[in-house]
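Listed below, chain by chain, are the residues.
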Amino acid sequence: MPKPTKGPRLGGGPAHERLLLANLAAALFTHKSIQTTETKAKRLRPLAERLITFAKRGDLAARRRVLSVIGDKEVVHVLFTEIAPLVAEREGGYTRITKVGNRKGDNAPMAVIELVLEPVTPKAKSAKKAEAAPAEPVAEEAPAEEVVEEAPAEEAPVEAAAEEAPAEDAAEEATEK
């Protein structure tokens, strides 16, 4: 975990802040979404994303690093077995913070921080990249041939018989030689 920030901490000293963020991260991984103050959510995001990155590695050293921050083995197990495979193809941005207004009692600004578990949709290639790639036209020709092969059911047997006849002729020629 990085060195605590300078200035005021979340409710106390650096040790208290570290424990507070660890508990928030454990709750986030358990429930997939939690509601907290905006300040706590903004401080939790880098820690949670770092822990998810360790979980994506999946080795024993990464598991022990995560266990040193979050002491609960069940939460770490959920992180490594359920959450990490869902975000395996995602290259960052594992969390989303949404502001939800102020709290009734003390008017503190509240936010929901949640895990982004939707599958990643690949971005469309730009026009410059499409022109530079020569493999694209070859891929476009294959579907055109498939469209030509589609024919009404009446024509299909005629074409099949025409295709079989040259194959039989070739087999006869091979046996004659």
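To be clear, the structure that these remarks concern was listed above.
What counts and how
- Residues numbered from 1 in each chain as written.
- Predicted model: local features only at pLDDT ≥ 70, side-chain atom pairs only at ≥ 80, totals over all residues.
- Heavy atoms only, no water.
- Helix = DSSP H or I, 4+ residues; strand = E, 2+ residues; numbered from the N terminus.
- Buried < 20%, exposed > 50% of the residue type's maximum accessible area, 1.4 Å probe, protein only.
- Contact = heavy atoms within 4.5 Å.
- Areas by Shrake-Rupley, 256 points an atom, 1.4 Å probe, with all protein chains shown as cover.
- Salt bridge = Lys/Arg side-chain N within 4 Å of Asp/Glu carboxyl O.
- Phe/Tyr/Trp six-rings, centres within 6.5 Å; stacked < 30°, edge-to-face > 60°.
- Lys NZ or Arg CZ within 6 Å of the ring centre and 35° of its normal.

Peer 1: Would you take a moment to explain the overall build of the protein for this structure?
Peer 2: Across its full length, the protein carries 7 helices and 3 strands. Going from the N terminus to the C terminus, the protein shows its helices and strands as α-β-α-α-α-β-β-α-α-α. Within the protein, the fraction of its 177 residues that count as buried is 24%. Partitioning the contacts of the protein with sequence separation of at least 6, the portion at a separation of at least 24 is 54%. As presented, the protein carries roughly 12,400 Å² of accessible surface, and 56% of it is formed by carbon and sulfur atoms.

Peer 1: When you look at the pattern of salt bridges in this model, what are you seeing that I'm missing?
Peer 2: If the charged atoms of two oppositely charged side chains come close together, the side chains can form a pair. Evaluated as defined, the whole model comprises 7 salt bridges. Notably, a salt bridge pairs glutamate 82 with lysine 32, separated by 3.8 Å at the nearest N-O pair. Linking glutamate 82 in helix H4 (residues 73-86) with lysine 32 in the loop between helix H1 (14-31) and strand E1 (33-37), this pair joins segments that are 50 residues apart in sequence. What makes lysine 32 partly exposed here is its relative accessible area of 25%. Linked through salt bridges whose partners overlap, the residues forming this network are Arg96, Glu114 and Glu118.

Peer 1: Explain the packing of aromatic side chains to me, please; I cannot follow it from the model alone.
Peer 2: Working definition: an aromatic ring pair is given by the centre-to-centre distance plus the angle between the planes. Within this structure, the stated rule accounts for 0 aromatic pairs. Here arginine 63 stacks its cationic end above the ring of phenylalanine 80, 4.4 Å away from the centre of that ring.

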